[in-house]
Amino acid sequence: MHNLDYVRPWLECDSLRKNLIEQGTDGSRSSKATDVLNAQVIRIFKNTLPEDDGWSFAAEKRIPCSRGDTFTVDVLVYKDKTLRAAVLLKAIQKSYNKNRHNYANTLAGEVERIKDLPMHRGVSVITIDWVPRKVPTGDKMEQTKIPDTSSAESRWNKFLKDGSFVSFNKIIFDVSGNTAINIQGVEKLQDTIERLKLV
C-alpha cells in the first residue's frame, strides 16, 4: 500500500461530509461518514491481517466499559473470534486547536475505559487520528498544533503485562485539492498493525 492509501479514509469521509453539507445536512454528525471511515480503515487492516488467516473485523460495536455500561468502538479486530484490538478513530476536519487538549483527554480516557476492565486483558488499543496541517476555523485557516501524547503511550506500555499494547497514531498531511501530500505517520501505523500478529 502507498502512503496515500492511509489517508484515503479521511479523504473519502471529507468528500462525503462536504456533499452532505451541500445537501443541507450536518456532515460532521452523519453516520454515513462514520461508516465510510470505518470501512476504509478495515480495508487497511485487512491488507496486513487477511481473513484467510483467521482475522475478522466489526464496526460500531458496543463493548463493556470499565466505568460500567458499554461504549461504542469504531473498529474491533478479532483473531480466530477472539478480540485482539479496539481501534478508535478521529478524522479532524475543522477548528482543531481550540479542541486539541479535549481530543487528547478523550484519547486517554477511552484507553482507560477499555484497559481498566479485567475482561479486556490482552486487548490492544490503537488510535488513529487524521490531522491536516491546516484546517478551517471560522472564515480562516489555522495551522494545527498537535499535543504530544507519547508520554501517555509510553506509560501505558510500561504498565501493561498482558501481552497487549497501546499505540497512538497520528496521520499528518497537507490537503491539496482532492488529495493529500507530505504524509507523515504511516510507518508507525504499519508497524502497529504488523505488531498485532505477534501478540
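Cut-offs and rules
Residues numbered from 1 in each chain as written. Predicted model: local features only at pLDDT ≥ 70, side-chain atom pairs only at ≥ 80, totals over all residues. Heavy atoms only, no water. Buried < 20%, exposed > 50% of the residue type's maximum accessible area, 1.4 Å probe, protein only. Helix = DSSP H or I, 4+ residues; strand = E, 2+ residues; numbered from the N terminus. Pairing = 2+ DSSP bridges. Axes fitted to C-alpha atoms, helices over the stretch in contact; angles between N-to-C directions. Parallel < 35°, antiparallel > 145°, perpendicular 65-115°, else oblique. Left-handed = near helix turned anticlockwise from the far one by under 90°. Contact = heavy atoms within 4.5 Å. Nonpolar A, V, L, I, M, F, W, Y, C, P; charged D, E, K, R; others polar.

(A) Structural detail: the pairing of strand β3 (residues 82-91). Burial analysis of β3 places eight of its ten residues in the buried class, which makes it a mostly covered element. Sheet topology places strand β2 (residues 70-79) next to β3; five bridges connect them, and they run antiparallel. When the bridges of β3 are listed, Lys-79 appears paired with Thr-82. Between the end of β2 and the start of β3, which pair antiparallel, lie two residues, with Asp-80 showing a positive phi angle near 50 degrees. Here β3 runs beside strand β4 (residues 124-132); their pairing, made up of seven bridges, is parallel.

(B) Broad picture of the packing of helix α1 (residues 8-22) against helix α2 (residues 31-48). Where α1 meets α2, the closest approach of the two axes is 9 Å, and the angle between their N-to-C directions is 165 degrees. For the element pair α1 / α2, the angle class is roughly antiparallel. Read as a crossing pair, α1 and α2 show a hand that is right-handed. Contacts from Arg-8, Pro-9, Trp-10, Glu-12, Cys-13, Leu-16 and Arg-17 of α1 reach α2 at Lys-32, Ala-33, Val-36, Leu-37, Gln-40, Val-41, Arg-43 and Ile-44. Here the contact of α1 with α2 is composed, by residue class, of nine nonpolar, one polar and five charged.

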